[in-house]
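Examination of the molecular architecture
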Amino acid sequence: MATQGDSHAEPSAPSPQFSVADVIVVVAYFALNLAVGIWSSCRANRNTLSGYFLAGRNITWWPIGASLFASSEGAGLFIGLAGTGAASGIAVAGFEWNATYVLLALAWLFVPVYVSSGIVTMPEYLQRRFGGERIRTYLSSLSLLLSVFTKISTDLYSGALFVQVCLGWNLYLSTVLMLGVTAVYTIAGGLAAVIYTDALQTLIMVVGAAILTVTAFSKIGGYRNLEEAYLKAVPSKIIPNATCHLPRPDAMHLFRDPGSGDLPWTGMTFGLSVLATWYWCTDQVIVQRSLSAKSLNHAKGGSILASYLKMLPMVLIVMPGMISRILYPGKTQ
């Protein structure tokens, strides 16, 4: 049973109060996103299989890198990284940093094999490699089910929840709106539209997260105060004889004890690398971006850019999540 702890005054979480300017920004965002999608759809060659699914293999390195980053940084990851950072500290950033070297393996080891085999999709590669239609059908079905139930549904719910909290819109209306806007340019423009809108999303996410990070650190007096303030951020409602509500003493440790750590360094280093290799080097969504490159050098450049971008969530997402616990300790569950 929860008991009431310290009754000192603390800042309350801000409630959404949108002005006309805020509404204009939101509308402009959706309009710009749709405009970029339509623009890229009009300039793409959609008359061939390669033109529709691989953007004609004519994409340069920077949209590929931005799209690789945006493909993994959905609303679910923003909420998840910030929330886990608030709950346990910086170790969750290991999921992001682990991708930096696996992305390089994608461009230097895997993409040359995929390109030389002349494939468009990963199920097609398995069919050519091992023969038979059944393995292609199996992987296509499995990938579709995993995508719908583990990624698309999560991102849709997280994005709709964000819109509902910010704008007060109905959750189902928000979901339908996002599906509609995305479907317009994705179905019409194929991969080219997806890549260029992903590049726009990356710019918006990085700039917006940077502004949030600067604002958050200014409220606690800078980075030097982060660890001390975080370890003192105990919620006002606590569970007697339990420690789950307390900040972890190893909150600022990226590599944690393999026995007592919640994210042990052994699993984050070795076990996660296996999972990351599957996702970044064999998943259709990721590989498709690299196969759209106009040359192998552009595919490598895209992976290098994505690797640098994957270093940012530690500072731009996880640490602001930790600061949210400092500013609003009473909201910690």
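Computed from a predicted structure; not experimentally measured.

Here is what the cut-offs are and how they apply
Residues numbered from 1 in each chain as written. Predicted model: local features only at pLDDT ≥ 70, side-chain atom pairs only at ≥ 80, totals over all residues. Heavy atoms only, no water. Helix = DSSP H or I, 4+ residues; strand = E, 2+ residues; numbered from the N terminus. Contact = heavy atoms within 4.5 Å. Areas by Shrake-Rupley, 256 points an atom, 1.4 Å probe, with all protein chains shown as cover. Lys, Arg positive; Asp, Glu negative; His and termini not counted. Charge placed at Lys NZ, Arg CZ, Asp CG, Glu CD. Axes fitted to C-alpha atoms, helices over the stretch in contact; angles between N-to-C directions. Parallel < 35°, antiparallel > 145°, perpendicular 65-115°, else oblique. Left-handed = near helix turned anticlockwise from the far one by under 90°. Core = buried A, V, L, I, M, F, W, Y, C linked by side-chain atoms within 4.5 Å. Buried < 20%, exposed > 50% of the residue type's maximum accessible area, 1.4 Å probe, protein only. Phe/Tyr/Trp six-rings, centres within 6.5 Å; stacked < 30°, edge-to-face > 60°. pLDDT = per-residue confidence, 0-100. 1 Å grid on protein atoms, 1.4 Å probe; cavity = no way out; pocket = protein on both sides within 12 Å on 5 of 7 lines; lining within 4 Å. Points joined across faces, edges and corners; volume = space filled by probe spheres on them. Expected span 1.5 Å × (residues − 1). Bend = angle between axes of the 7 residues up to and from the residue.

A tally of regular secondary structure across the protein chain gives 13 helices and two strands. In terms of overall dimensions, the protein chain has C-alpha extents of about 65 × 50 × 35 Å along its principal axes. Nonlocal contacts in the protein chain, meaning residues at least 24 apart in sequence, comprise 79% of its contacts between residues at least 6 apart. Within the structure as shown, the protein chain displays about 17700 Å² of accessible surface, and the carbon and sulfur contribution to it stands at 68%. Across the protein chain, 20 positive and 15 negative side-chain charges occur, with their mean positions spaced 9 Å apart.

Inspection of the secondary structure assignment puts Asp 198 in helix α8 (residues 171-220). Setting aside its immediate chain neighbours within four residues, Asp 198 contacts Ala 66, Ser 67, Ala 70, Ser 71 and Arg 289.

Attention now goes to the packing of helix α4 (residues 75-88) against helix α13 (residues 313-327). A packed helix pair is summarised by two numbers, namely the angle formed by the two axes and the spacing between the axes. Where α4 meets α13, the axes come as close as 7 Å, and the angle between the chain directions of the two elements is 50°. As far as their axial angle goes, α13 and α4 are oblique. The chirality of how α4 crosses α13 is right-handed. In this structure, α4 contributes Phe 78, Leu 81, Ala 82, Gly 85, Ala 86 and Ala 87 to the contact, and α13 contributes Pro 313, Ile 317, Val 318, Gly 321, Met 322, Ser 324 and Arg 325.

So, on to the nonpolar core. Leu 106, Tyr 114, Met 122 and Trp 280 are the most contacted members of the largest nonpolar core, which has 33 residues in total. Of all the secondary-structure elements, those providing two or more residues to this core are α3 (61-72), α5 (94-117), α6 (122-130), α8, α10 (265-282), α11 (284-291) and α12 (296-309). In this structure, Tyr 114 is in contact with Ile 119, Met 122, Tyr 125, Cys 281, Thr 282, Val 287 and Leu 291, ignoring residues within four places of it in sequence. Grouped together as the second largest cluster of nonpolar side chains are 26 residues, Phe 217, Ala 233, Met 268 and Met 314 included.

Take the packing of aromatic side chains next. Evaluation of the coordinates by the stated rule reveals eight aromatic pairs. Pairing Tyr 29 with Phe 30 gives two aromatic rings, centres 5.3 Å apart and planes at 65°, and the pair type is edge-to-face. Given a relative accessible area of 28%, Tyr 29 falls into the partly exposed group. Taken together, a centroid distance of 6.3 Å and an interplanar angle of 50° make the contact between Phe 217 and Tyr 223 tilted.

On to the confidence of the model for the protein chain. Summarising the model, the protein chain shows a mean pLDDT of 84, and 91% of its residues fall at 70 or more. Within the protein chain, α12 carries the highest mean pLDDT (95), whereas strand β1 (residues 3-4) carries the lowest (43). Ignoring residues within four places in sequence, the model shows residues 1-14, a span with pLDDT below 50, making 19 contacts including any to other chains.

With that out of the way, let us pick up the side chain of Ser 174. Relative to the elements of secondary structure, Ser 174 occurs in helix α8. You can call Ser 174 buried: its relative accessible area is 0%. If near-sequence neighbours (up to four positions away) are discounted, Ser 174 is found in contact with Ala 160, Val 163, Gln 164 and Trp 169.

A word on empty space enclosed by the protein. To find leftover empty space, a probe the size of one water molecule is rolled over the atoms. A complete count under the given rule lists one cavity of 30 Å³ or more for this structure. Its boundaries defined by the atoms lining it, the largest cavity holds a volume of some 40 Å³. Going through the elements one at a time, α8 and α13 are the ones with two or more residues in the lining of the largest cavity.

What follows concerns α5. Spanning 24 residues, α5 covers 33 Å between terminal C-alpha atoms, matching the ideal 34 Å at 1.5 Å per step. At Phe 110, α5 shows its strongest bend, of approximately 45°, with the proline Pro 112 following within four residues. For α5, the full list of buried residues reads Gly 94, Glu 96, Asn 98, Ala 99, Thr 100, Val 102, Leu 103, Leu 106, Ala 107, Val 111 and Tyr 114. Phi for Gly 118, located one or two positions after α5, is positive at around 70°.

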